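Single-letter residue listing:
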Amino acid sequence: MIWLPALLGAVASAPVGTSIDADTAGYWQQEVHYQIVARLDEPTGVLSGRVLIRYTNRSPDTLADFYVHLYLNAFRPGSRWADRDSLEGLRRFNDLADPDYAYERIRRSSIDGVTVRPEFPYAPDSTIARFPLPTPLAPGESLEVVIEWDARPSTLPRRQGRQGRRFDFAQWYPRVVVYDRLGWQAHPLYPAGEFYGEFAAYDVTLDLPEDQVIGATGVPIEGDPGWTRRAADPGVAVDHQRGWYGDHAFRGGGCRVMALAAGRKCVRFYAEDVHHFAMSLNPDYVYEEGRFNDVVVRVLYLPQDRERWGGGTVVARTVEALRWLDELFGPFPWPQLTNVHRIEGGGTEFPMMVMNGGPSLGLILHEVGHNYLMGILANNEWREGFLDEGFSSFQTAWYFEERFPDFDGYGGPERFVLYQDLDDWSEPVSQVSEDYRDFGTYSTMVYTKGQLFFHQLRYIVGDEVMRAILREYYARWKLKHVTEAALLDVAQSVSGLDLRTFFGQWLHGTPLYDYAIGKVTRRQMADGSWETSVEVRRLADGMIPVEIGTAREDDRTVYARASGRPERDVVRFRTAERPGRLMLDPRLRTHDWNYLNNRERRFLSFLDEAWRLDTYVHEPTRRDRVVSSAAPTVWYNDAGGLTIGARVRSNYLGRFDQHEAWISRGITGDDPITESDGGWVDGRLRIRNPHWLRVPRSAQSLDLWMLEGRTGAALSWEWERRRSFTDPNTRRDRVALQWMVTRNMAFLDPAQWENGGTGEIAHTTRWDRATARAQWRFMATYGGGIAYAARDVGQRLERRYDVEPFGRATGSAAVRWFAAGGSWVLGARMFAGGYLGENVPLAQRAIPVDGADAYERFDNPLIRSRGAPFVRADVFYHAPGNGNLRGYAPGLGGRWLASLNVEVERVLRHATRGPLRDVSVVVFGDGALADSLAVPSTGDGAVTPLIDAGAGVRLALRIGDLDVPLRVEFPILVSRPAYAHNRRGGTDVIEFRWLMSLERSF
Ligand SMILES: [Zn+2]
């Protein structure tokens, strides 16, 4: 086979690997020096400091004011961060009281010796402070700002925090706001979106308790950080790197001029070319050290971490991350990297430092990756978060792909993002962080879809060119502020490709991708070779190069690549041998949402589906094919006898083409009417969510059936409303049109079915609400239509009618409260329903006392027909619903009903793995006021009160992918025992009765 790299030909000739002259011409960044002296008072958690900031204006603009971040003020009530949390239903910093919340307060401030007062332009948020300059600062001029301040981290950790003698000082000092080509980036801190800082030199002198152990940005040039005393290996000679910066910029100050109280020590750190200074303190830290080339790796962990962090484990992983990043980008420019076990879980990156909640290699790669992507290649994190989060997630996935050939770092995120794209939840990857709908959307777009952006770039340019792009990007932009434009420029100049459309669409839009293969012709040439032409059709807005290769899964040959831009394109390629069946994007790299139109057509298209034997409890899905599962079915009922059949169900992506076809036939039934139907095979067909009808956040279905004495059809459309894909509070609406008529009464329980039919339309609304302590569900259905009797074989109707209109409505509200950490559950449900019509309702449309109505039971073959496995004289199955008086018999129903169900459940066991999940015991009581048509009144009124009560045992089982609740309950008390479901024990009010169910009670 010949590999014809249509576009890659151009790539190969591009001057990769050599540095292409800088597009950094005209780039500037401000010059900043911090000289900080600070003292930590542990009992109050307050650090008090004085900073001298020397600021030189390297911009071409004259500045009239000066800004600093006071980030710690985000973690207190009234901040923009806290208010955004509250908007999203999360109670965090708005609920903290003194002394738990964080703060950062300026005590005194001056500029060039003139006292100035800070202004807070986003008040009441105070994460940004502005100082008007006494005199404007012209280009090239410098000024000196002195600020004295107090800082306290919050006890609720979030990227910073304090806990006893542990302090994660991630933010703690007045940090100069970046002034760049877009002006002052004075941006308050929100939960979504992080930091942006000026590259600077930091000279930090700290007055600390003598036994504190500290890890920080930079190197300790004076004093003892406590590493030798807390070294895991007491014999190790700690490399403090005191001489790394030689004769550093600030000669004055430092520990020599500090007056220390007893029990205190002075430690002075120094760093250059970093845009932030972080530190973490804990007297219990254990210290380990390693090295990658000239870079010293320091790990500080807790004594109880020894097994997971110690023995060189985290040192080795941190070194491995540095090795990988050195290979990918270039040498680490700083002297050291410190990895500490912080208070909070997760991880956060700082220059020369990562604060991690765990020791995993994936987390270390991601956060150390940020030392390059954010630390050295310093993007504006709240404006273009994908340049650090998406990028670092991508390099982490690439690492695992390189190391473990079977690792797929692309497929999982790609499918997850596709679902958000298909449901219109996606927002552009490059967007100001607080403009995202909510935190969940922000992190999905910036991390996951941002990661995919880099995977797509790698797919477009190829691995080798991608590596060249990363190295050139680093060579050109290290220790500078980077933007999308910088990356685009490097990627285009290294690859020789025009990547503007790709960048524009992936980063600033949310298009879908869909390519379809059109006409294919193969022609043998005079020399015996083959020329093939392939029509490539673009059906969606997204444009990305498309590979054309073989459709065979065991052959990865790619013949050519289409640009993917025109709506219709014809690509020609030559091969030595005749190419087999073709497929667009056979490696599944274009984010094409619909692979069902990518294969060259053939006559028996169902052969493209992945066929399997259905296990019933697991339904796999595939990205590139419909999965069809077939299985035999067998059940029983009185009229049909042993009923055998088959079911086929299919799906694409687990959400489209979820069709089902059933056929079945009773083979041992001896009912005369069944025989007179002569050779009937029952069938049911369901078309659900056809992919060609794709409508975001909605589901459609069409059902047709002729099954066990009933014939019908249903058409439904359901749609979902919620604020975001992570929002547990959901409203679903469904409109359904349904027709159902009885055809053969031999199958039917006469208590639940009369010979007749209905045609109706109904609207159902369901609200689900979840809070930390409770789950609520509200449901309401209303509708109506016509009911009619099939007169010719009518047997039971007292008042015959041909056709009459009716209306029907039901509503319920249910809640489950969780107490004592979920070990007690209190459940309550209220229900009311009514039927409106001139005559009494057909039995199947009455409002049932006990549970599901006849139409709801029809879906389940185990309770569908008379004599079915759960519809037998000795089996008492409860199908929940409607009045839900579980002690009463199915088929009791009237024109109206109002009921109340109450349960108290004690959870004895709760597991999240294994086949047996939960075990609980329950006591319950159900009560109703019913139409005397359902159960005759004991007096002569039209209202019949009904009560049942009892206790039971519940198991929550997990079988394959199915959650199976098993209930065995004992409705010992039934107030009208003659109407109880289970009357085998006798007919007193109090009797031993049991029931079982494979569904939750409500
Ligand atoms: Zn990250």
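Residues numbered from 1 in each chain as written. Predicted model: local features only at pLDDT ≥ 70, side-chain atom pairs only at ≥ 80, totals over all residues. Heavy atoms only, no water.

S.K.: Mind showing me how you'd approach unusual backbone geometry here?
M.R.: Peptide bonds are, in most cases, trans, and in most cases residues other than glycine have a negative phi. Pro99 follows Asp98 through a cis peptide bond whose omega is 5°. For the bond from Ala123 to Pro124, the omega torsion is 10°, close enough to zero to count as cis. For Pro124, the position within the fold is in the loop between strand E5 (114-115) and strand E6 (128-137). Notably, Met374 is not glycine yet its phi reads approximately 135°, a positive angle. Its location among the elements puts Met374 in the loop between helix H5 (361-372) and strand E23 (377-379). For Met374, a relative accessible area of 5% corresponds to the buried category. Of note in the backbone geometry, Asp424 takes a positive phi value of approximately 60° without being a glycine. The topology assignment puts Asp424 in the loop between helix H7 (411-422) and helix H8 (439-461). (Helix = DSSP H or I, 4+ residues; strand = E, 2+ residues; numbered from the N terminus. Buried < 20%, exposed > 50% of the residue type's maximum accessible area, 1.4 Å probe, protein only.)

S.K.: In this structure, what is going on with the nonpolar core? I would like to understand it.
M.R.: The nonpolar side chains of a soluble globular protein tend to be buried, and buried together. The biggest cluster of nonpolar side chains holds 171 residues, and the ones touching the most others in it are Tyr34, Tyr55, Phe66, Trp172, Met279, Phe329 and Phe503. With sequence-adjacent residues up to four places away left out, Phe329 is seen in contact with Tyr372, Leu373, Leu377, Phe391, Leu470, Arg471 and Tyr474. Residues Ala787, Ile847, Leu897 and Ala930 belong to the second largest nonpolar core, which totals 19 residues. (Core = buried A, V, L, I, M, F, W, Y, C linked by side-chain atoms within 4.5 Å. Contact = heavy atoms within 4.5 Å.)

S.K.: Help me understand the coordination of the zinc ion, please; the structure alone is not making it clear to me.
M.R.: The protein atoms that coordinate the zinc ion are His366 (NE2), His370 (NE2) and Glu389 (OE), at distances of 1.8 to 2.0 Å. In primary sequence terms, the donor set of the zinc ion follows H-x3-H-x18-E. Placement of His366 in helix H5 and of Glu389 in helix H6 (residues 389-403) is noted, with a sequence separation of 23 residues between them. The class of His366 is buried, set by a relative accessible area of 12%. With relative accessibility at 2%, the residue Glu389 sits in the buried group. (Donors = N, O, S within 2.8 Å, 3.2 Å for Na, K, Ca; no water.)

S.K.: When you look at the packing of H8 against helix H9 (residues 463-477) in this model, what are you seeing that I'm missing?
M.R.: Pairs of packed helices are described in terms of their axes, by the angle between the two and the distance that separates them. It is the contact of H8 with H9, at a shortest axis distance of 6 Å, that shows an interaxial angle of 120°. Relative to H9, the element H8 lies oblique. For the pair H8 and H9, the sense of crossing is right-handed. Facing Phe454, Leu457, Arg458 and Val461 of H8, the residues of H9 in contact are Asp463, Val465, Met466 and Ile469. When the residues that make up the contact of H8 with H9 are grouped by side-chain class, the tally is six nonpolar, no polar and two charged. (Axes fitted to C-alpha atoms, helices over the stretch in contact; angles between N-to-C directions. Parallel < 35°, antiparallel > 145°, perpendicular 65-115°, else oblique. Left-handed = near helix turned anticlockwise from the far one by under 90°. Nonpolar A, V, L, I, M, F, W, Y, C, P; charged D, E, K, R; others polar.)

S.K.: Hey, could you run me through the sheet that holds strand E13 (residues 200-209) in this one?
M.R.: The eight strands are arranged E5-E4-E7-E2-E1-E13-E16-E15 in an open sheet whose pairing can be described as mixed. Since the sheet does not close on itself, it has two edges, and those belong to E5 and strand E15 (219-222), each with one partner. As judged from the 11 bridges shared by strand E1 (residues 31-41) and strand E2 (residues 46-56), these two strands associate in the antiparallel manner. Bridged to Ile36 within E2 is Val51. (Pairing = 2+ DSSP bridges.)

S.K.: How do you make sense of a nonpolar patch on the surface when you look at a structure like this?
M.R.: On the surface, a nonpolar cluster with roughly 850 Å² of combined accessible area is contributed by Trp776, Phe778, Trp817, Trp824, Leu826, Met830, Leu900, Val902, Val904 and Val923. Every element with two or more residues in the nonpolar patch is listed here: strand E40 (774-789), strand E42 (824-837) and strand E45 (896-910). Within the fold, Leu900 resides in strand E45. (Patch = residues over 30% accessible without salt bridge, like charges linked within 9 Å, V, L, I, M, F, W, Y side chains within 5 Å. Areas by Shrake-Rupley, 256 points an atom, 1.4 Å probe, with all protein chains shown as cover. Salt bridge = Lys/Arg side-chain N within 4 Å of Asp/Glu carboxyl O.)

S.K.: Any chance you could explain the pairing of strand E18 (residues 286-292) here in plain terms?
M.R.: Taken residue by residue, a regular strand's side chains alternate between the two faces of the sheet. In terms of burial, E18 is largely enclosed, as five of its seven residues are buried. As paired elements, E18 and strand E19 (residues 295-301) share seven bridges and run antiparallel to each other. Across the sheet, the residue bridging to Glu289 is Arg298, located in E19. From the end of E18 to the start of E19, which pair antiparallel, there are two residues, and Asn293 there has a positive phi angle of about 50°.

S.K.: Looking at this model, I keep getting lost on the environment of Ala170. Mind explaining?
M.R.: Looking at the secondary structure, you find Ala170 in the loop between strand E9 (166-169) and strand E10 (175-176). A relative accessible area of 0% places Ala170 in the buried class. Between the alpha carbons of Ala170 and Ile847 there is a distance of 63 Å; along the sequence they are 677 residues apart. Once you skip the residues sitting within four places of it in the chain, Ala170 turns out to touch Arg159, Gln160, His276, Phe277, Ala278, Met279, Phe350 and Met355.

S.K.: Help me out: how do you make sense of the pattern of salt bridges in this one?
M.R.: Between side chains of opposite charge, a pair can form as their charged atoms come close. Tallied over the full model, the rule gives 78 salt bridges. Between Arg574 and Asp527 there is a salt bridge, with its nearest N and O atoms 3.9 Å apart. Note that Arg574 is positioned in strand E29 (residues 568-575) and Asp527 in the loop between strand E25 (515-524) and strand E26 (530-538), a separation of 47 residues in sequence. Given the relative accessible area of 56%, Asp527 is considered exposed. Salt-bridge contacts for Glu535 lead to Arg568; the nearest nitrogen and oxygen are separated by 2.8 Å. Pair noted here: Glu535 is in strand E26 and Arg568 is in strand E29, with a separation of 33 residues, a long-range link. Relative accessible area serves as the criterion here: at 12%, Glu535 is assigned to the buried category. Via salt bridges that share partners, Arg816, Arg886, Glu903, Glu905, Asp926, Arg954, Arg967 and Glu969 belong to a single interconnected network.

S.K.: Teacher, can you tell me more about the confidence of the model for the chain here?
M.R.: Reading predicted coordinates in detail is not appropriate for stretches of low pLDDT. Of the residues in the chain, 95% have a pLDDT of 70 or more, and the chain-wide mean is 93. Within the model, pLDDT remains below 50 along residues 1-22, and this stretch shows 42 contacts once partners closer than five positions in the same chain are excluded. The model gives residues 672-676 a pLDDT under 50, and that stretch makes four contacts with residues more than four places away or in other chains. (pLDDT = per-residue confidence, 0-100.)

S.K.: Would you mind showing me how to read the state of the cysteines here?
M.R.: Linking two cysteines covalently through their sulfur atoms gives a disulfide. Inspection of every chain in the model, using the stated rule, returns one disulfide. Disulfide pairing places Cys255 opposite Cys266 at an S-S distance of 2.0 Å. Judged by the torsion about the S-S bond (-80°), the Cys255/Cys266 disulfide is left-handed. Remark: Cys266 occurs in strand E16 (residues 264-274) and Cys255 occurs in the loop between E15 and E16; sequence separation between them is 11 residues. Here Cys255 and Cys266 have matching classes, each one buried. (Disulfide = S-S within 2.5 Å.)

S.K.: I keep staring at helix H2 (residues 80-87) and nothing clicks. Help me out?
M.R.: A turn of α-helix holds 3.6 residues, and therefore any two residues three or four places apart point the same way. Within the sequence span of H2, burial applies to Trp81, Ala82 and Asp85. The buried residues of H2 occupy one face: seen down the axis, they fall within an arc of 95°. Just downstream of H2, Gly89 is the residue with a positive phi angle, here 80°. (Arc of directions from axis to C-beta.)

S.K.: Sorry if this is basic, but what is going on with the packing of H9 against helix H10 (residues 484-495) here?
M.R.: Here H9 crosses H10 at 130°, and the two axes come no closer than 9 Å. With respect to each other, H9 and H10 are oriented oblique. Along this stretch, H9 crosses H10, giving a crossing that reads as right-handed. Together, Val465, Ala468, Ile469, Glu472, Tyr473, Arg476 and Trp477 of H9 and Ala486, Leu487, Asp489, Val490, Ala491, Ser493, Val494 and Ser495 of H10 make up the contact between the two elements.

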